[in-house]
Amino acid sequence: MSAAPTSTFTTQASTFPRYTRYKDSGVEWLGEVPAHWEVEPGSTTLALNKEKNTGNVENTVLSLSYGRLIIKPPEKLTGLVPESFEGYQIINPGDIIIRPTDLQNDTTSLRVGLSKYRGIITSAYLGLKHNDNASSEYLYYLM
């Protein structure tokens, strides 16, 4: 029997249902979770993106900017632009992007983004795909 949501709560990024019963997650920083949820390590719900832009099938370049994934306009593709985007990874809506570089200059945790678009992003970023048992919005919220 699945617990029905009783109301909703809103975060900066999403709205999530409230449930009637909760349980301790066993994870101190997480606190309580809905009673019918399973608490599992991220590796059971997330996997590294391995989809490469082989053959340059995608040409929409995405960029992580201030915690949001944006489409980079072609006129902004200047400077250190690669000769080919074939080594980039293909990103789909719902994918979570993590920028693991330049951590000393990021004090407000702007290095995680949730994609609303299909496009490509440098392989210097980590692209994470979620399975169907988890909400990408909730996983992004946790990160």
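Rules and cut-offs
- Throughout, a residue's number is its position along its own chain's written sequence, starting from 1.
- Since the coordinates come from a predicted model, pLDDT governs what is reported: local features require at least 70, and pairs of side-chain atoms require 80 or more to be given and counted, while whole-chain, interface and lining totals use all residues.
- Side-chain numbers come from the whole structure's heavy atoms, not from hydrogens or water.
- Strands pair, by our definition, only if DSSP identifies at least two bridges between them.
- In DSSP terms, a helix is any run of H or I states spanning at least four residues, a strand is any run of E spanning at least two, and both are numbered starting from the N terminus.
- For every residue, the accessible area obtained with a 1.4 Å probe (protein chains only) is divided by the maximum for its type, and the residue is called buried under 20%, exposed over 50%, and partly exposed between those limits.
- Only heavy atoms matter for contacts: two residues are in contact if any of them lie within 4.5 Å across the pair.
- What counts as a salt bridge is simple: a side-chain nitrogen of Lys or Arg found within 4 Å of a carboxyl oxygen of Asp or Glu.

Q: Explanation requested: the pairing of strand β7 (residues 68-71) in the structure shown.
A: The side chains of a regular strand alternate, residue by residue, between the two faces of the sheet. Of the pairings in the sheet, the one linking strand β6 (residues 62-65) to β7 comprises four bridges and is antiparallel in character. Each bridged residue has a counterpart across the sheet, and for Leu 64 the counterpart in β7 is Leu 69. The turn linking β6 back onto β7 is made up of two residues, and Tyr 66 within it adopts a positive phi angle of 50°.

Q: Explanation requested: the side chain of Ser 115 in the structure shown.
A: Inspection of the secondary structure assignment puts Ser 115 in the loop between β10 (112-114) and β11 (119-121). Given the relative accessible area of 3%, Ser 115 is considered buried. Not counting residues within four places of it along the chain, the set of residues in contact with Ser 115 comprises Leu 62, Leu 69, Ile 91, Asn 92, Pro 93, Gly 94 and Asp 95.

Q: Sorry if this is basic, but what is going on with the pattern of salt bridges here?
A: For side chains of opposite charge, pairing can occur when their charged atoms come near one another. Taken as a whole and judged by the stated rule, the model has two salt bridges. The partner of Glu 58 in a salt bridge is Arg 118, with the nearest N and O atoms 2.7 Å apart. Of this pair, Glu 58 sits in the loop between β5 (46-48) and β6 while Arg 118 sits in the loop between β10 and β11, and the two are 60 residues apart along the sequence. Judged by relative accessible area, which is 36%, Arg 118 ranks as partly exposed. The shortest N-O distance in the salt bridge between Lys 129 and Asp 95 comes to 2.7 Å. Pair noted here: Lys 129 is in strand β12 (residues 126-130) and Asp 95 is in the loop between β8 (89-91) and β9 (96-98), with a separation of 34 residues, a long-range link. Exposure remark for Lys 129: the relative accessible area of 24% places this residue in the partly exposed category. Overall, the relative accessible area of 5% leaves Asp 95 in the buried class.

Q: Can you walk me through unusual backbone geometry in this structure?
A: In this structure, Asn 56 is a non-glycine residue whose phi angle is positive, near 50°. With respect to the element layout, Asn 56 can be found in the loop between β5 and β6.

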